[in-house]
Amino acid sequence: MLQDFRLSVNQLGDRRFRRVLVLGIGLTLALLFGLSVIFITTIGWVIPDSLTLPFIGEIGWVDTAVSWAAVPLMMVLSVFLMVPVASAFTGFFLDEVSQAVEDKHYPQLGEAIQTPWSETIRDTLSFLGVLITANLAALVLYLFLAPLAPIIFWLLNGFLLGREYFQLVAMRRVGRQQAAVLREQYGLQIWISGAVMAVPLSIPIVNLLIPVLGAATFTHLFHRLTATPVQNA
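Right, let's walk through the structure included here. Here the residue numbers are simple positions, counted from 1 along each chain's written sequence. A pLDDT threshold of at least 70 governs which residues receive local features in this predicted model, and a stricter bar of 80 or more applies before side-chain atom pairs are shown or counted, although totals over entire chains, interfaces and linings include all residues. To obtain the side-chain values, all non-hydrogen atoms of the structure were used and water was disregarded.

### Some points on the pattern of salt bridges
Two side chains of opposite charge can pair, provided their charged atoms sit close to one another.
Here is step 1 of the chain: Salt bridges are defined by distance alone: a side-chain nitrogen of Lys or Arg within 4 Å of a carboxyl oxygen of Asp or Glu. Applying the stated rule across the entire model yields eight salt bridges.
Here is step 2 of the chain: For Arg16, the salt bridge identified is with Asp14, shortest N-O distance 3.6 Å. The exposure classification of Arg16 matches that of Asp14, with both residues buried.
Here is step 3 of the chain: Arg16 is the partner of Asp103 in a salt bridge, and the nearest nitrogen-oxygen pair spans 3.0 Å. On the criterion of sequence distance, the pair formed by Asp103 in helix α4 (residues 94-105) and Arg16 in helix α2 (residues 15-46) is long-range, its members being 87 residues apart.
Here is step 4 of the chain: Between buried and exposed lies partly exposed: a residue is buried under 20% and exposed over 50% of the maximum accessible area for its type, with that area taken using a 1.4 Å probe on protein chains only. Of the residues examined, Asp103 reaches a relative accessible area of 40% and is grouped as partly exposed.
Here is step 5 of the chain: One network of salt bridges, in which partners are shared, links Asp95, Glu102, Arg172 and Arg173. Strands here are runs of E lasting at least two residues and helices are runs of H or I lasting at least four, both read from the DSSP assignment and numbered beginning at the N terminus.

### With respect to the packing of aromatic side chains
Here is step 1 of the chain: Between the rings of Phe, Tyr and Trp (Trp by its six-membered ring), a pair exists once the centres lie within 6.5 Å; its type follows the angle of the planes, with under 30 degrees stacked, over 60 edge-to-face, and the other angles tilted. Inspection of the entire model under this criterion finds three aromatic pairs.
Here is step 2 of the chain: Residues Phe159 and Trp191 carry aromatic rings whose centres are separated by 5.2 Å and whose planes lie at 70 degrees to one another, so their mutual orientation is edge-to-face. Of this pair, Phe159 sits in helix α6 (residues 149-185) while Trp191 sits in helix α7 (residues 187-198); the two residues are 32 residues apart in sequence, bridging distant segments of the chain.
Here is step 3 of the chain: Judged by relative accessible area, Phe159 falls into the partly exposed class, the value being 34%.
Here is step 4 of the chain: When its relative accessible area of 36% is taken as the criterion, Trp191 is described as partly exposed.
Here is step 5 of the chain: Consider the rings of Tyr165 and Phe218, whose centres lie 6.5 Å apart with planes at 85 degrees: the pair is edge-to-face. Here Phe218 lies in helix α8 (residues 210-225) and Tyr165 lies in helix α6, a separation of 53 residues in the sequence. Note on accessibility: Tyr165 and Phe218 belong to one class, buried.

### Quick word on the side chain of Gln167
Here is step 1 of the chain: Considering the arrangement of structural elements, one finds Gln167 in helix α6.
Here is step 2 of the chain: Given the relative accessible area of 8%, Gln167 is considered buried.
Here is step 3 of the chain: We call two residues in contact whenever any of their non-hydrogen atoms come within 4.5 Å of each other. Once residues within four sequence positions are removed from consideration, Gln167 is found in contact with Arg176, Ala179, Ala180 and Arg183.

Take it as geometry only, folks, not as evidence of what the structure does.
What follows is the structure, encoded as C-alpha cells:
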C-alpha cells in the first residue's frame, strides 16, 4: 500500500493528474453552490413572511431570517461533503488517471476495456448518491459518538472509496463481472487501503488531492494484486 501511494505521489506532476484534479474540484464547487442556492431559495418559498405567536403577536421577516441562518449551515455541510463529492466526480475521469499510471509504470499492457459513457455516468451518479447519503446519515453517529467520529469517518469513507475505486479500475482490465469477483476476494485489503487513503481527508488542502491520488493508488493496487510487474518505479 505504501509503495502504491508513493508511486502515485511521485506522479502528481503529470498534466493528466492536474487536469482531473482541476475538473473534479471545479465540478464539486459548482454542484455544492447550486445545491446551496436551491436549498436557501426553497426555504424562502416554504417559510411564510411572518408568523403570529400567542402573547407575542406578529413576527415579520421570518423567511429572511431563516434563509440567512441557512447560509452558515450550508457552508458547514459543503465543507463536510466537498471531498466525498470530489471523489465521486473523479470517477468521471478515473480512466484518464489510470491510463496515465499505466503508461508510465505498466507500458507492457495492451489497450484497456473502454467503459461506455452511459455506464460511467450511471456508476458515478450512483456512487455520488451513496456517498452523500452515507455521510449525512453518519452525522447522527458523530453526534452520539463524538470521540469516535474520526474513526467512523475514515472507516466509512475508506470502505466506500475503496470499493468504488477498485471496481472502476478493475473494470478497465477484466470487465464488470470479474472486477466484482476480485473486489469480494480482496475485500479486506481494499477496505484497509481505502481507510488509509481516507485519513488525509481530515487534512485541509491535502484532502483535495486524495481523489486523484486514490484513483492512481488503486490502479497500482489492482495491478499488484493481479501480479502485473511494475516498470519505471
